[in-house]
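Listed below, chain by chain, are the residues.
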Amino acid sequence: MTLDLSLLPDGGVNWLDASGDHSGIVLSTRVRLARNLEGFAFPGRARDGERLRILARVREAVESSPHLRRNLLVRVDELGSDDRLLLHERHLISKELAGLDQQHPVRSGAAVFLGDGIGVMVNEEDHLRLQTLRSGFNLADAFADMQRIDEELGERIPFAFHEEFGFLTSCPTNTGTGLRASALIHLPGLVLTKEINKTLAGLQQIGFTYRGLYGEGSEVVGNFFQISNQTTLGRSEEEIVDKLLQVLSTVIAREEEARRVLLRDAGYIIEDKLWRAYGTLRYARSLTFDEAMNFLSGVRLAVGLKLITGLSVYTLNKLLIFSQAAHLSHAEGRPLSESEANLARARYVRQALAAEVGT
Amino acid sequence: MLCDSCKERDAVVQVTQVTDPPVRQLNLCEKCAAERGIETHSAMPKQPLADFIQAVQQKQLLAGSESWRCTFCNSTLRDFRNTSRLGCAYCYGAFEVKLRDLLRGVHGTSKHQGKRYHPPAQAMEEGASVATELRTRLRRAVEQEQFEEAAKLRDQLKVME
């Protein structure tokens, strides 16, 4: 099976379009639910045939669901590793579903139904991982979308539910609501003012946690933090979402304050640092992924502080995604070695910036 | 351990009382602690995931029960300890007592407060056939005097009902 992302609206990346609130700081908002079908072992324990039957049941349900019927089925288990990585880099499937984790090679029946900001992963850690993704800070819409598709699927296929424990999941860290709501948020101001550790420690004390750019187990690069609820049991879905909304509003306000402090107390130092980042991206001939992320973080901050004008957040968002290894290989139409990818990355970034601001 | 003050609820915090000599240790529940102005944070573990993994690895919660087996998917509590993942939804019935403790450790509670769910009617019929199968197995286990097996099947049926 070959992957044709052109079949998706905007290639599945309209969540990058910077249309939501606070889009300079919040890249995207995501809600995901873990659900399992009654009567089948969880994917890690199920036999190949069982997983295929699960996929068939889900497919039937998706095809009759008003909000999901137009979604595109991608059989992840039939894709090559480059295409699986590409979907993961685009934040459309998890590392586990993509089979990129050595512990969890790709499973038979691994699939995803992709649509406009709505995805249904099948045979991930749980039978179903539903996710809704929105541009910027837009938790309310992401949650409303999620409630609709959860309802539609739950009416068509029986979910495993326990009166006391709630929705049953493969890992007990997701039991109960199965809900994880998160925002991918850019916090260079708090990092530079060294306020970040205090902020993150505060989050953990009230039941929230953070991860890197790709969620669980990933490193923080480019000052991007994925902030989410840590516990899924004992609070209602609405309470979890409301609390995250409050927490994120506070974090955004602190980040904005940190940026004001930076400009006030260290104006020229910051200005110099950010212009250097911009200069490197405009003219470097080779860039590693981490370098690109860090310089893009600087430029994003410069745009937020209005030091650099004429550069859209949308372009910066696209650079984050399209300068990753599998995307560069995809664009070149062949696999690239690490050094080739570094050259291709620098070229791509240079061209994208030149196209936006002129030479 | 019961709360030293109300003698009703489980103690969640240990306090060293120094105001009235002699100095003594008090074990208090969340409510009695709150009345004394002591924050317990018991409902919100600071590092639930890390605590949970550590607890599983250190076998605290699973000690002495590693060979418990789920009759639906055949996985044991030892498998769970090794992978941090359960084999199927029926494991929640087979290992209910242990999992309740574990969920309390991870989330601060084992009681779901969110959306209630009722499976579609057609699925109920399919679920009923799984239940019938379990009941047949239960009857057979009782006839053959395999009481441990029977107890597990009964737990699973309880989850389904």
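The rules we used
Residues numbered from 1 in each chain as written. Chains lettered and ligands numbered in written order. Predicted model: local features only at pLDDT ≥ 70, side-chain atom pairs only at ≥ 80, totals over all residues. Heavy atoms only, no water. Contact = heavy atoms within 4.5 Å. Salt bridge = Lys/Arg side-chain N within 4 Å of Asp/Glu carboxyl O. Helix = DSSP H or I, 4+ residues; strand = E, 2+ residues; numbered from the N terminus. Phe/Tyr/Trp six-rings, centres within 6.5 Å; stacked < 30°, edge-to-face > 60°. Lys NZ or Arg CZ within 6 Å of the ring centre and 35° of its normal. Pairing = 2+ DSSP bridges. Axes fitted to C-alpha atoms, helices over the stretch in contact; angles between N-to-C directions. Buried < 20%, exposed > 50% of the residue type's maximum accessible area, 1.4 Å probe, protein only. Disulfide = S-S within 2.5 Å. Core = buried A, V, L, I, M, F, W, Y, C linked by side-chain atoms within 4.5 Å. pLDDT = per-residue confidence, 0-100. Parallel < 35°, antiparallel > 145°, perpendicular 65-115°, else oblique. Nonpolar A, V, L, I, M, F, W, Y, C, P; charged D, E, K, R; others polar.

1. Observations regarding the interface of chain B and chain A
Part 1 of the argument: Counting residues at the interface gives 41 residues for chain B and 48 residues for chain A.
Part 2 of the argument: The interface formed by chain B and chain A contains seven salt bridges.
Part 3 of the argument: With a shortest N-O distance of 2.8 Å, glutamate 163 of chain A and arginine 116 of chain B are connected by a salt bridge.
Part 4 of the argument: When residues of the side of chain B that touches chain A are traced back to their parent elements, those giving at least two are α2 (48-57), α3 (77-83), α5 (96-107), α6 (121-143) and α7 (147-160) of chain B.

2. Side note on the packing of aromatic side chains
Any pair of aromatic rings gets described here by the distance separating the centres and the angle formed by the planes.
Part 1 of the argument: Per the counting criterion, the structure on display carries nine aromatic pairs over all chains.
Part 2 of the argument: A ring pair is formed by phenylalanine 167 of chain A and tyrosine 117 of chain B, whose centres lie 5.6 Å apart and whose planes are at 50°; its orientation type is tilted. Linking phenylalanine 167 of chain A in strand β9 (residues 166-167) with tyrosine 117 of chain B in the loop between α5 and α6, this pair reaches from one chain into another.
Part 3 of the argument: An aromatic cluster of at least three residues, connected via ring pairs, comprises Phe159, Phe161 and Phe167 of chain A together with Tyr117 of chain B.
Part 4 of the argument: Lysine 318 of chain A extends its terminal NZ or CZ atom over the ring of tyrosine 314 of chain A, reaching a point 4.6 Å from the ring centre.

3. Concerning the sheet that holds strand β11 (residues 208-211) of chain A
All names here are of chain A.
Part 1 of the argument: The sheet built from eight strands is open, its strands ordered β2-β5-β6-β7-β1-β10-β12-β11 with antiparallel pairing. Two strands in the sheet have a free side with no partner beyond their single neighbour: β2 (72-74) and β11. Direction aside, the axes of adjacent strands within the sheet are offset by 20° on average.
Part 2 of the argument: Where β2 and strand β5 (residues 111-114) come together, three bridges link them in antiparallel fashion. Within β5, the residue paired with leucine 72 across the bridge is leucine 114.
Part 3 of the argument: Here helix α1 (residues 48-63) sits on the sheet and contacts β2, β5, β6 (118-122) and β7 (128-135); the angle it forms with β5, its principal contact strand, is near 10°.

4. Quick look at the pattern of salt bridges
Part 1 of the argument: Overall, the coordinates contain 29 salt bridges over all chains when judged by the stated rule.
Part 2 of the argument: Among the salt bridges present, the one from aspartate 48 of chain A reaches arginine 51 of chain A, with a minimum N-O distance of 2.7 Å. Within this pair, aspartate 48 of chain A and its partner arginine 51 of chain A are both found in helix α1, separated by three residues, close to a single helical turn.
Part 3 of the argument: Residue classification places arginine 51 of chain A among the buried residues on the basis of a relative accessible area of 7%.
Part 4 of the argument: Two residues, arginine 85 of chain B and glutamate 96 of chain A, come together in a salt bridge whose shortest N-O distance is 2.7 Å. You can see arginine 85 of chain B sitting in the loop between α3 and α4 (91-94) and its partner glutamate 96 of chain A sitting in helix α3 (residues 95-98), one on each of two chains. Comparing arginine 85 of chain B with glutamate 96 of chain A shows no difference in burial state: the two are buried.
Part 5 of the argument: What emerges from the salt-bridge pattern is a single network uniting Glu96, Arg107, Glu124, Glu125, Asp126 and Arg129 of chain A together with Arg85 of chain B.

5. Describing the state of the cysteines
Part 1 of the argument: Counted according to the given criterion, the structure contains zero disulfides over all chains.
Part 2 of the argument: Among the cysteines around cysteine 70 of chain B, which has no disulfide bond, cysteine 88 of chain B carries the closest sulfur, lying 3.7 Å off.

6. Overview of the environment of arginine 70 of chain A
All names here are of chain A.
Part 1 of the argument: Checked against the element boundaries, arginine 70 lands in the loop between α1 and β2.
Part 2 of the argument: Residue classification places arginine 70 among the exposed positions, given a relative accessible area of 73%.
Part 3 of the argument: Measuring from C-alpha to C-alpha, the distance between arginine 70 and phenylalanine 113 comes to 9.0 Å, with 43 residues separating the pair along the chain.

7. Focus: the nonpolar core
All names here are of chain A.
Part 1 of the argument: Of all hydrophobic cores here, the largest spans 52 residues; its most connected members are Val58, Val120, Leu128 and Ile185.
Part 2 of the argument: A per-element tally of this core places helix α7 (residues 237-283) first, with eight residues.
Part 3 of the argument: In this structure, Leu184, Met293, Leu296 and Leu320 belong to the second largest nonpolar core, which totals 34 residues.

8. Topic: the confidence of the model for chain B
Do not read the predicted coordinates in detail wherever pLDDT is low.
Residues and elements named next belong to chain B.
Part 1 of the argument: Per-chain confidence: chain B averages 75 in pLDDT, with 66% of residues scoring 70 or above.
Part 2 of the argument: The least confident element of chain B is α2, whose mean pLDDT is 59; the most confident is α4, at 92.
Part 3 of the argument: Note that pLDDT drops below 50 for residues 41-46; the model gives that stretch 19 contacts with residues more than four away or on any other chain.

9. Here's the deal with the environment of alanine 151 of chain B
Residue and element names in this part refer to chain B.
Part 1 of the argument: Here alanine 151 lies in helix α7.
Part 2 of the argument: A relative accessible area of 26% places alanine 151 in the partly exposed class.
Part 3 of the argument: Linking alanine 151 and alanine 141, residues 10 residues apart in sequence, is a C-alpha distance of 9.2 Å.

10. Thoughts on the packing of helix α8 (residues 289-304) of chain A against helix α9 (residues 313-322) of chain A
Residues and elements named next belong to chain A.
Part 1 of the argument: Viewed as axis vectors pointing N to C, α8 and α9 meet at an angle of 170°, and their least axial separation amounts to 10 Å. Classified by the interaxial angle, the pair formed by α8 and α9 is roughly antiparallel. Across from Phe289, Met293, Leu296, Val299, Arg300 and Val303 in α8, the residues of α9 making contact are Val313, Leu316, Asn317, Leu319 and Leu320.
Part 2 of the argument: Residues belonging to the contact of α8 with α9 are distributed by class as follows: nine nonpolar, one polar and one charged.

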